[in-house]
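# Survey of secondary and tertiary structure
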Amino acid sequence: MRVGLYPGTFDPITLGHLDIIRRACVLVDRLVIGVAINRDKGPMFDLEERVEMVEAECAALAAQTGVEILVHPFENLLIDCARDVGAQIIVRGLRAVADFEYEYQMVGMNRQLDDGIETVFLMAEAQHQAIASKLVKEIARLDGDISKFVTPRVNSQLLARLGKA
């Protein structure tokens, strides 16, 4: 069984994330969405809320693709999380050259820690490449329309969190 791990903070999950998840389902039999706790980022949504959002948004995709999609919170090293869930592949989404520089360093370090786990990069579809959770939250804070960047459910949750619903 081919197991992939797609890690991120998913604060909140966006259409860009969902595009990468959909495309990663072609590569694996089981896809684990690793929701990073990452206290340093100070997420808007707590861990339980982010896990629930990811589970809710991925349920239909799992049924549609036949791929088992699991959500796994983690706070340890990414490579240790990959080992914990039995992943042979780490899936990373790329949006821009700046992403590549960071990811290039991460791959090098992860290969030093465990050269048996490969990293696969997927580019989001063109219409999703500029989407970043940080920017979505900022647009929502400033009363902009985020409906092109997140699902209706996530849109509602984000606006409610900001007291704008």
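These remarks concern the structure in this document. Here the structure is a predicted model, which means the values were calculated and not measured.

The end-to-end C-alpha distance of helix 4 (residues 97-113), which contains 17 residues, comes to 25 Å, matching closely the 24 Å that a straight helix rising 1.5 Å per residue would cover. All buried positions along helix 4 are accounted for by Asp 99, Glu 103 and Asn 110. Down the axis of helix 4, the buried set is contained in an arc of 25°. They therefore lie on one face. Facing away from the buried side of helix 4 by more than 90 degrees, the exposed set consists of Val 97, Ala 98, Glu 101, Tyr 104, Gln 105, Met 109 and Gln 112.

A word on the pattern of salt bridges. A side chain of one charge can pair with a side chain of the opposite charge if their charged atoms are brought near each other. Counted according to the given criterion, the structure contains twelve salt bridges. Of the charged contacts in the structure, one is a salt bridge between Glu 68 and Arg 30, with a shortest N-O distance of 2.8 Å. Of this pair, Glu 68 sits in strand 3 (residues 68-74) while Arg 30 is found in strand 2 (residues 30-36), placing the two residues 38 residues apart along the sequence. Notably, a salt bridge pairs Lys 164 with Asp 143, separated by 2.5 Å at the nearest N-O pair. Taken together, the residues Lys 164 in the segment after helix 6 (152-161) and Asp 143 in the loop between helix 5 (133-141) and helix 6 connect sequence positions 21 residues apart. The class of Lys 164 is partly exposed, set by a relative accessible area of 35%. Owing to a relative accessible area of 61%, Asp 143 belongs among the exposed residues under this scheme. Linked through salt bridges whose partners overlap, the residues forming this network are Asp 80, Arg 83 and Asp 114.

The rules behind the values
Residues numbered from 1 in each chain as written. Predicted model: local features only at pLDDT ≥ 70, side-chain atom pairs only at ≥ 80, totals over all residues. Heavy atoms only, no water. Helix = DSSP H or I, 4+ residues; strand = E, 2+ residues; numbered from the N terminus. Expected span 1.5 Å × (residues − 1). Buried < 20%, exposed > 50% of the residue type's maximum accessible area, 1.4 Å probe, protein only. Arc of directions from axis to C-beta. Salt bridge = Lys/Arg side-chain N within 4 Å of Asp/Glu carboxyl O.

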